[in-house]
Amino acid sequence: MRVTLSLLLMTLALLSSADARRAEPPPPTDEQIAVQLRDEALGGEDLAWDWVSELTTRFGPRPAGSDNEHRAAEWAAARLKALGFANVHVETFPITAWVRGVESGEIVAPVLQPLVVAALGESPPTPPAGLEGEVVIFPTLADLKQAPPGSLTGRIAFVAARMVRTQDGAGYGAAVEARSDGPAEAARRGALAFVLRSVGTDSNRLPHTGTTVYVDGRVAVPAFALSSPDADQIERLAALGEKVRIRLYSTASYVKDAHSQNVVADVPGRVHPDEVVLLGAHLDSWDQGTGAIDDGTGTAIITAAAKLILDLPQRVPRRTVRVVLYGSEEVAQPLAPGFAFGGHAYMDGHKAELARHVLAGESDLGTDRVYSLALPAAVEKSAFATTVARVLEPIGVLPAREAARHAGTDVDPMVEAGVPAFALLQDGSQYFDIHHTANDTLDKVDREQLDQNVAAWAALVWLAADSEVDFRTPATAH
Ligand SMILES: [Zn+2]
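Now for a description of the structure that goes with this document. (Residues numbered from 1 in each chain as written. Predicted model: local features only at pLDDT ≥ 70, side-chain atom pairs only at ≥ 80, totals over all residues. Heavy atoms only, no water.)

The next point concerns unusual backbone geometry. Geometrically, the link from alanine 109 to proline 110 is a cis peptide bond, its omega value of 10 degrees lying close to zero. Tracing the backbone shows proline 110 in the loop between strand 2 (103-109) and strand 3 (113-115). In this model, aspartate 294 is joined to aspartate 295 through a cis peptide bond whose omega is 5 degrees. Looking at the element boundaries, aspartate 295 is found in helix 8 (residues 292-310). The backbone of histidine 436 sits at a positive phi, close to 65 degrees, despite the residue not being glycine. Structurally, the position occupied by histidine 436 is in the loop between strand 16 (423-426) and helix 12 (447-465). (Helix = DSSP H or I, 4+ residues; strand = E, 2+ residues; numbered from the N terminus.)

Quick look at the sheet that holds strand 15 (residues 398-399) now. Strand order in the open sheet made by the 3 strands is 15-14-16, with mixed pairing throughout. In the strand order of this sheet, the two ends are held by strand 15 and strand 16, each with one partner. Relative to strand 15, strand 14 (residues 370-374) is paired through 2 bridges, and the arrangement is parallel. Within strand 15, the residue paired with leucine 373 across the bridge is proline 399. (Pairing = 2+ DSSP bridges.)

What follows is about the coordination of the zinc ion. Working reference: metal with six octahedral donors, ideal angles 90 or 180 degrees; metal with four tetrahedral donors, ideal angle 109.5 degrees. Taken together, the protein donors to the zinc ion comprise His282 (NE2), Asp294 (OD), Asp364 (OD) and Asp364 (OD), at separations of 1.9 to 2.5 Å. Taken together, the 4 donor atoms surrounding the zinc ion define angles of 54 to 146 degrees at the centre, an arrangement classified as irregular. Counting the intervening residues between successive donors of the zinc ion yields the motif H-x11-D-x69-D. Here aspartate 294, found in helix 8, pairs with aspartate 364, found in the loop between strand 13 (357-362) and strand 14; they are 70 residues apart in sequence, far enough to count as distant. One exposure class covers both aspartate 294 and aspartate 364, and it is buried. (Donors = N, O, S within 2.8 Å, 3.2 Å for Na, K, Ca; no water. Tetrahedral: all angles 85-135°; square planar, octahedral: opposite > 155°, others 65-115°. Buried < 20%, exposed > 50% of the residue type's maximum accessible area, 1.4 Å probe, protein only.)

Let's shift gears to the packing of aromatic side chains. For the coordinates displayed, the defined rule picks out 8 aromatic pairs. The interplanar angle of 80 degrees and the centroid separation of 5.2 Å between the aromatic rings of phenylalanine 384 and phenylalanine 471 together place this pair among those described as edge-to-face. Of this pair, phenylalanine 384 sits in helix 10 (residues 383-392) while phenylalanine 471 sits in the segment after helix 12, and the two are 87 residues apart along the sequence. Taken as a pair, phenylalanine 384 and phenylalanine 471 share a single burial class, namely buried. Ring centres of phenylalanine 422 and tryptophan 457 lie 5.2 Å apart, and the angle between their planes is 65 degrees; this geometry places the pair in the edge-to-face category. Placement of phenylalanine 422 in the loop between helix 11 (412-416) and strand 16 and of tryptophan 457 in helix 12 is noted, with a sequence separation of 35 residues between them. Across the pair, tryptophan 457 and phenylalanine 422 agree in class, each one buried. Members of the aromatic cluster, each reached through a chain of ring pairs, are Trp51, Phe59 and Trp75. (Phe/Tyr/Trp six-rings, centres within 6.5 Å; stacked < 30°, edge-to-face > 60°.)

Remember that the coordinates give geometry; whether it matters functionally is a separate question.
Spelled out as structure tokens, the structure:
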């Protein structure tokens, strides 16, 4: 009897605890939290917009090494602390800064006509009285490279190639070599100066600046971008059989003992704080606009995505989510390893931790919608990739056909050192209408597109950071 009663009591106790378990909902899955983050961002979060609006309004253009860039970094660090990020600090590194001066260009023969030009970043000034020479037109950089030594003595080389508009921005990669390598190729053949049709897809009378590459520690000749209509004008004059002479003027200068800085902020992981998923973008910008789409929006997107993860009511992720706002990206010299810029400076300062950087990506193609996700080859066919695809497809993001090999100028040094990369590919078909021009201003930012970017970043980064997935090593075949 007593036994029966105690059995009955035990049974009742078990039943009631089962009831309690049934009443308590199971913890949400990673996928459910990713969907929640995605939808929260799409619902109109304010941080990304407020961030890019305040950054571009308070500091305007932020050339590497300038006072504006330093102040923007201090502001960003203070904002990140106020938002609740941990380990917020500024890492300073030395650079030689380039300062645009006064510049102008004109056709002087056959008749006087003004040109709209912009000196290319890192290029030296002209003599104080300017320089003048006959223009030699090359359809492409390859044609310039065919010119014999000495054939350009006393003349000005002009590469007239047009950038091709594409969704993935591949046209930029093809066209930008003329800007990077053209000045040195022209100088080798005796040219006084180098000009090119702006690397851009618009036909506005606005030149697109951009950096050019150091060879033997310098840019050899003054170098300029022409607005596309001005490039057309010179080509048409030449086609009429005229010898075209132009005059160029620039007071560009260098500041040898300048510095730039990276801003670092963490959402510390709850299980593996030493394992880092890194989100990069750059705080510096060109000097003519206010660096809204290049790359104010990138810094806004990654900060807002990380903040949504930081504020999750359920749990912070297993791994650390790190935001790095890089300095001195625009004047980066990728072909000169060790040359100081934000990406190399971060590598140098974090060498010992790189083996524990599990994944890295960068947002630096403006604010148009993300349409595709490239993951590291090791996880392309994994359950992780399937889950991510389920979360991102409803917002228009499909798996890329190829694995990510690069992520962006700032994170590529670490990617080349073995850190796996992802790329949330944005529609780049309009980006190069504005990129590196005075037209890169806040009014070009579309809030809905900005939120779609934040949604994609927040969902993907959460899934990667709360996982134990090894993005380096291919999973064994099953
Ligand atoms: Zn950029």
